[in-house]
Each structure stands twice: as C-alpha cells, then as structure tokens.
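The residues making up each chain are set out below.
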Amino acid sequence: MVDSLFPSIEATVDDASPESRRKRRRISETAKETAESSEINQESLKRWRTNRVQQIYASKLVEALRRVRQRSNDGGKITSAAREIRDTADRVLAASARGTTRWSRAVLATRVRASLKKHKKAKLTGARKPRKDTAAERKRSKLPAVERKLKILGRLVPGCRKVTVPNLLDEATDYIAALEMQVRAMESLAELLAAAAPRSMLTRP
C-alpha cells in the first residue's frame, strides 16, 4: 500500500510543475541563443577587421564617390557635399554587410525611401504645430536608467528601435565594428590622397 502511494505522489509533482519545465526550457533556449550570438559576434568582428574587407570597401567607396562627382559635374543638384559623402559612405558600408544584419537593411531601405520622397512634391500649408508632451514621452522619462540607455542605443543603431535586448546588443556590436572599419578605410584613403596631391601639383604645367 505504501508503494502504491509513490506513483501518485510523483505524478502529482510532475503535473504540478509544467511552469518549472517551461522555465527550464526557456533558460536552455536563452543560453543556446546567447552562445550562438557570441559566435556570430566573434565572426563579425573578425570579418570587419580583415584587410581584404577594408580594401573592398575602400574601392567601392571610391567608385561611388566618383559617380557622385560625375553627377555634380553633369549639372546634378547636390544640396550638401558633406552630407552626400556621408550618405554614400554609409550606403556602401551597408552594401558591404550584404544584408545579413538588420542595421544594413535599414540603411539601404532608408535610402530607397528618401529617393521615393524626392519624386513626391508635398505642399506644406500653415505653420508647424508645436510638439505636445505626450503620455508616452512622460512615461519614457520615468524609465530606469538601463532601459533608458537601451532605448537610446536602439535609436543610434539603424533599424533597432523595436528589437529584443540580445538582438540589439548583437546589432550594435556588428555596427560598431563596421564603423571602425569605415574609419580605417577613410583614413587610408585620406593618406593616399594627401600623398598624391603634391605629386599632381609638381606635374601640373
């Protein structure tokens, strides 16, 4: 009779712990995702730090800047040269990521939306109304410091305003590594142009 009680007790324990099993499953899945994301981060860091990727980006950037200069020489209207160079550099950087990250797809999509807006002639009537202090903004100001900083980080990384924290950290890590490579490539180009300028001045008649 005593032995017959143990199966019922074990069955009761098993039936009473579905939540604990779900928690263990979520913890194991989270640990697996964290391990996979860390491997992806390491691969992305290695990829952006290679000289080959930097050289490919620099060559594509030079070609894109030549096209921008050609458009300006052909009478194309460029509102700001600095802004055009920055947009071109970011667009080439996003293309170098080959659409494997959310931020790169967001940069390319922003470019497409900007080109579509140029074809639409929207007429603004009246003065712009002052921005109201909405309940969402007041709630955002009361967020804890960590959540507030994460929201700021989500605004800095393109396309990452509404993603989970692990995805945001992965995207931010890859985006920072890509920007560091962009800076190195542009510094190398600046050094090459600075070295070529005196020679061109000497050979000029």
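Residues numbered from 1 in each chain as written. Predicted model: local features only at pLDDT ≥ 70, side-chain atom pairs only at ≥ 80, totals over all residues. Heavy atoms only, no water.

A. The confidence of the model for the protein chain, seen in detail. Predicted confidence across the protein chain gives a mean pLDDT of 76, with 63% of residues reaching 70 or more. In the model of the protein chain, helix α1 (residues 2-15) stands out as the element of lowest mean pLDDT, 48, in contrast to helix α7 (residues 145-156), which has the highest, 93. Across residues 9-13, where pLDDT falls below 50, the model places zero contacts with residues more than four positions away in sequence or in other chains. Residue range residues 122-127 is modelled with pLDDT below 50. Its contacts to residues more than four positions away, or to other chains, number zero contacts. (pLDDT = per-residue confidence, 0-100. Helix = DSSP H or I, 4+ residues; strand = E, 2+ residues; numbered from the N terminus. Contact = heavy atoms within 4.5 Å.)

B. The arrangement of the nonpolar core in detail. If you look at the biggest cluster of nonpolar residues, it comprises 24 residues, and the most contacted ones within it are Trp 48, Tyr 57, Leu 93, Trp 103, Val 157 and Met 181. Per-element tally for this core: the top contributor is helix α8 (residues 165-203), with eight residues. Apart from residues no more than four positions distant in its own chain, Trp 48 is found in contact with Val 53, Leu 93, Ser 96, Ala 97, Trp 103, Asp 174, Ala 177, Ala 178, Met 181 and Arg 184. (Core = buried A, V, L, I, M, F, W, Y, C linked by side-chain atoms within 4.5 Å. Buried < 20%, exposed > 50% of the residue type's maximum accessible area, 1.4 Å probe, protein only.)

C. Here's a closer look at unusual backbone geometry. With phi around 60°, Arg 98 is a residue other than glycine that occupies positive phi space. Along the chain, the position of Arg 98 falls in the loop between α4 (81-96) and α5 (102-119). Take Arg 98: its relative accessible area is 74%, and that puts it in the exposed class.

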